[in-house]
Amino acid sequence: MSSSKTNVPLVTGAIFIATFMSAIEGTIVSTAMPTIVGDLSGVALMNWVFSIFLLTNAMATPIYGKLSDMFGRKRLFLFGLAIFIIGSTLSGMSNSMTELIIWRAVQGIGAGSIMPISFTIIADIYPFEKRAKVMGFNGSAWGIASIVAPLLGGFIVDQMSWHWIFFINIPVGLLAMLGIWIFLKEKPRKTTQSLDILGSIWLSVALLALMFGFQVLGDVQINWLSLAISLLISAFSFYGFIRQENRVENPIIPLKLFKIRTFVTQNMVAALISGFLMGFEVYLPTWTQGLLGLPASLAGFAITPSSLMWIVGSFIAGKLLLNRSPKQIINFSLTFILVGGLAMAMAPQATPFWTFFVIAAICGTGFGITITTTTVTVQNQVPKEDVGVATSLNTLARTLGQTLMISVFGIIMNVKMAGGVAAHQGTNLNMMNRLINPQTAKYLSHTLLKPLRQILYSGLHWIFIVALGLVVLSYLINQLDRLDKPEA
């Protein structure tokens with residue numbers, strides 16, 4: 001890719017727009033979901049609106065990575081954005097919950113291109129010493145989205161209709177496509193190698209079955225038969241995938257990458273810390289709403305400092321990568337997350353709201369350094385022709401870590417709540433659901449609020465203890481890395 005011909009600032013801007021569109025999607029749909037459910041009468045299928053997006057996103061990510069290495073970043077990024085826009089348009093036109101789920105699957109296939117190819121383009125057009133800073137700037141889209149999405153979603157639903165939370169992606173996506181089309185200059189890539197179709201099928205089935213198993217695992221009533229079948233299909237498909245990759249000339253994922261110790265350890269750390277991140281982002285607002293009784297609009301701001309400090313952490317990572325090894329940097333960054341994780345695990349029930357701002361700022365700094373370092377490092381550990389695949393694998397590792405741990409955290413919360421209400425006469429799970437929403441919690445009896453909050457606190461306490469264990473495990477895995485010199 002010729003950065004001398006590429007308009008680097010405008011391409012960076014187009015990537016930012018695409019990233020922001022992807023980042024805002026999940027939160028804005030969550031905001032509108034009660035209205036969507038009321039309109040389409042599909043409460044039983046509600047979770048699948050989110051789950052199917054994750055499933056197809058994870059399935060598509062590694063395939064986009066390989067295709068971008070074979071045929072170029074530009075055409076694959078434009079293709080992914082086009083699919084995302086089509087999926088958004090059809091989602092907005094849905095007249096039933098089943099239709100919406102189908103078109104969300106299409107949307108997820110398109111979204112699978114955005115994050116990995118964005119990072120890959122950044123790796124192509126920026127030198128190593130500037131890459132982390134630019135990724136920090138691009139990552140700020142997630143912080144901005146976390147603030148804007150609830151407000152924008154509420155405004156659209158109240159003033160227009162829920163259909164427009166999908167239609168709004170059309171002009172934004174087209175603007176990103178236009179920026180990439182005009183300003184990204186890329187030398188045509190000629191390849192005589194064919195795509196490993198069979199390997200792609202094996203991998204897609206394996207990931208779909210695994211992700212579906214994670215979704216089943218997070219259900220209130222776990223269907224153990226479905227879980228067992230899903231994991232069995234996933235294991236068999238991964239076996240078929242590995243056999244296929246070992247005998248083809250152009251594998252969808254070169255297995256030689258997994259022989260690079262630093263590549264493996266950095267991806268494992270990224271997966272574990274992404275799992276911790278889900279506990280932090282999902283259950284810290286639950287604490288501030290359910291235990292402190294704050295409204296959702298205010299409770300969500302408890303994690304805002306983490307988004308802002310994530311950017312700062314990315315800039316710190318950019319400086320450190322020039323003269324420190326990835327192992328040293330990750331040891332340093334995990335210290336921040338460990339302190340934040342300890343604070344959450346040890347926080348008493350009456351912890352004041354401002355304390356969570358401090359915890360979020362500390363964790364956000366650690367997230368920024370860790371995620372940026374792992375992304376830049378895996379890109380730098382592989383041959384240039386495999387950068388797209390390496391970046392997509394890093395994205396996939398983070399997605400799998402998030403999906404698995406949100407299911408695990410859900411099990412912990414369900415078990416603690418079920419045990420808690422069984423031990424406190426006069427309470428039930430429906431009361432727990434009402435407690436978490438401040439709008440309905442005010443109708444609960446004052447005599448029940450104390451035991452209900454104690455039950456919720458117990459569940460959150462154990463979630464944060466398990467999340468802390470992920471940080472400790474990340475630190476231990478990082479010690480297996482033998483790269484003790486700065487990246488070149």
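Structure shown above.
Residues numbered from 1 in each chain as written. Predicted model: local features only at pLDDT ≥ 70, side-chain atom pairs only at ≥ 80, totals over all residues. Heavy atoms only, no water.

1. Side note on the overall build of the protein
Thought 1: Along the protein, the regular secondary structure elements total 19 helices and zero strands.
Thought 2: On C-alpha atoms alone, the protein measures out to a radius of gyration of 22 Å, which is about the 23 Å that the 2.2 N^0.38 rule sets for 488 residues.
Thought 3: Structurally, the protein occupies a C-alpha span of about 70 × 50 × 45 Å along its principal axes.
Thought 4: Look at the contacts in the protein between residues 6 or more apart in sequence, and 84% of them connect residues 24 or more apart.
Thought 5: Total accessible area computed for the protein in this model is approximately 20500 Å², and 68% of it derives from carbon and sulfur atoms.
Thought 6: Treating the 30 positive side-chain charges of the protein as one cloud and the 18 negative ones as another, the clouds have centres 6 Å apart. (Helix = DSSP H or I, 4+ residues; strand = E, 2+ residues; numbered from the N terminus. Rg over C-alpha atoms; globule rule 2.2 N^0.38 Å. Contact = heavy atoms within 4.5 Å. Areas by Shrake-Rupley, 256 points an atom, 1.4 Å probe, with all protein chains shown as cover. Lys, Arg positive; Asp, Glu negative; His and termini not counted. Charge placed at Lys NZ, Arg CZ, Asp CG, Glu CD.)

2. Some thoughts on empty space enclosed by the protein
Thought 1: In total, this model carries one cavity of 30 Å³ or more according to the counting rule given.
Thought 2: Looking at the largest cavity, the residues that line it are Thr19, Ser22, Ile114, Met115, Phe119 and Trp142.
Thought 3: Elements supplying a minimum of two residues to the lining of the largest cavity: helix 1 (8-40) and helix 5 (114-125).
Thought 4: Per-element tally for the lining of the largest cavity: the top contributor is helix 5, with three residues.
Thought 5: Its residues placed into classes, the lining of the largest cavity shows four nonpolar, two polar and no charged. (1 Å grid on protein atoms, 1.4 Å probe; cavity = no way out; pocket = protein on both sides within 12 Å on 5 of 7 lines; lining within 4 Å. Points joined across faces, edges and corners; volume = space filled by probe spheres on them. Nonpolar A, V, L, I, M, F, W, Y, C, P; charged D, E, K, R; others polar.)

3. Describing the packing of aromatic side chains
Thought 1: Considering all chains together, one arrives at 13 aromatic pairs under this definition.
Thought 2: With 5.7 Å between their ring centres and 70 degrees between their planes, tryptophan 202 and phenylalanine 236 make a pair best called edge-to-face. Of the two residues, tryptophan 202 sits in helix 9 (residues 197-217) while phenylalanine 236 sits in helix 10 (residues 224-247), which places them 34 residues apart along the sequence.
Thought 3: Exposure remark for phenylalanine 236: the relative accessible area of 53% places this residue in the exposed category.
Thought 4: Seen from their ring centres, phenylalanine 353 and phenylalanine 357 are 5.0 Å apart, and the 80 degrees between their planes marks the pair as edge-to-face. Residue phenylalanine 353 and its partner phenylalanine 357 are both found in helix 15 (residues 353-380); the two are separated by four residues, about one turn of the helix.
Thought 5: Residue classification places phenylalanine 357 among the partly exposed residues on the basis of a relative accessible area of 31%.
Thought 6: Taken together, the ring pairs in this structure connect Phe276, Phe280, Trp310 and Phe367 into an aromatic cluster. (Phe/Tyr/Trp six-rings, centres within 6.5 Å; stacked < 30°, edge-to-face > 60°. Buried < 20%, exposed > 50% of the residue type's maximum accessible area, 1.4 Å probe, protein only.)

4. Notes on the layout of surface pockets
Thought 1: In this structure, the second largest pocket occupies an estimated 440 Å³ of space.
Thought 2: Lining the second largest pocket are 19 residues, and of these Phe258, Leu393, Leu396, Ala397 and Leu400 sit closest to its centre.
Thought 3: For the lining of the second largest pocket, the secondary-structure elements that each account for two or more residues are helix 9, helix 10, helix 11 (261-290) and helix 16 (387-423).
Thought 4: Of the residues forming the lining of the second largest pocket, the biggest block, six residues, is contributed by helix 11.

5. Looking at the nonpolar core
Thought 1: Membership of the largest hydrophobic core comes to 51 residues, with the highest contact counts inside it found for Phe276, Phe280, Phe367 and Phe464.
Thought 2: Those elements that provide at least two residues to this core are helix 11, helix 14 (326-346), helix 15, helix 16, helix 17 (429-436) and helix 19 (446-478).
Thought 3: When residues of this core are assigned to their parent elements, the largest contribution, 14 residues, is made by helix 19.
Thought 4: When residues no more than four places from it in sequence are discounted, the contact partners of phenylalanine 464 are Gly279, Tyr283, Leu284, Trp287, Met344 and Ala345.
Thought 5: Membership of the second largest hydrophobic core comes to 42 residues, among which are Met97, Met211, Phe214 and Phe263. (Core = buried A, V, L, I, M, F, W, Y, C linked by side-chain atoms within 4.5 Å.)

6. Side note on the environment of valine 106
Thought 1: Its location among the elements puts valine 106 in helix 4 (residues 97-111).
Thought 2: Looking at valine 106, the relative accessible area reads 22%, which means it is partly exposed.
Thought 3: Put simply, valine 106 and glycine 420 are 314 residues apart on the chain and 41 Å apart in space, counted from C-alpha to C-alpha.
Thought 4: For valine 106, the contacting residues outside a window of four places in its chain are Ile83 and Gly87.

7. Observations regarding the side chain of serine 91
Thought 1: Among the secondary structure elements, serine 91 is positioned in helix 3 (residues 73-92).
Thought 2: Since its relative accessible area comes to 0%, serine 91 is described here as buried.
Thought 3: The residues touching serine 91, leaving out its near neighbours within four places in the chain, are Leu100, Trp103, Arg104, Gln107, Trp162 and Phe166.

8. Considerations on the pattern of salt bridges
Thought 1: With the rule as written, the count across this model stands at three salt bridges.
Thought 2: Its salt-bridge partner being arginine 73, residue aspartate 69 comes within 2.6 Å of it at the nearest N-O pair.
Thought 3: Through salt bridges that share partners, Asp69, Arg73 and Asp124 make up one connected network. (Salt bridge = Lys/Arg side-chain N within 4 Å of Asp/Glu carboxyl O.)

9. Focus: helix 10
Thought 1: A rise of 1.5 Å per residue sets the reference length of helix 10, with its 24 residues, at 34 Å; its end C-alpha atoms lie 35 Å apart and thus fit the reference within 8%.
Thought 2: Listed in full, the buried residues belonging to helix 10 are Leu227, Ser230, Ser234, Ser237, Gly240, Phe241, Gln244 and Glu245.
Thought 3: Buried residues belonging to helix 10 abut helix 9.
Thought 4: For helix 10, the capping residue at the N-terminal end is asparagine 223, with a side-chain oxygen 3.2 Å from the backbone nitrogen of leucine 225. (Expected span 1.5 Å × (residues − 1). Polar contact = N/O pair within 3.5 Å; in protein donor to acceptor, adjacent residues only side chain to side chain.)

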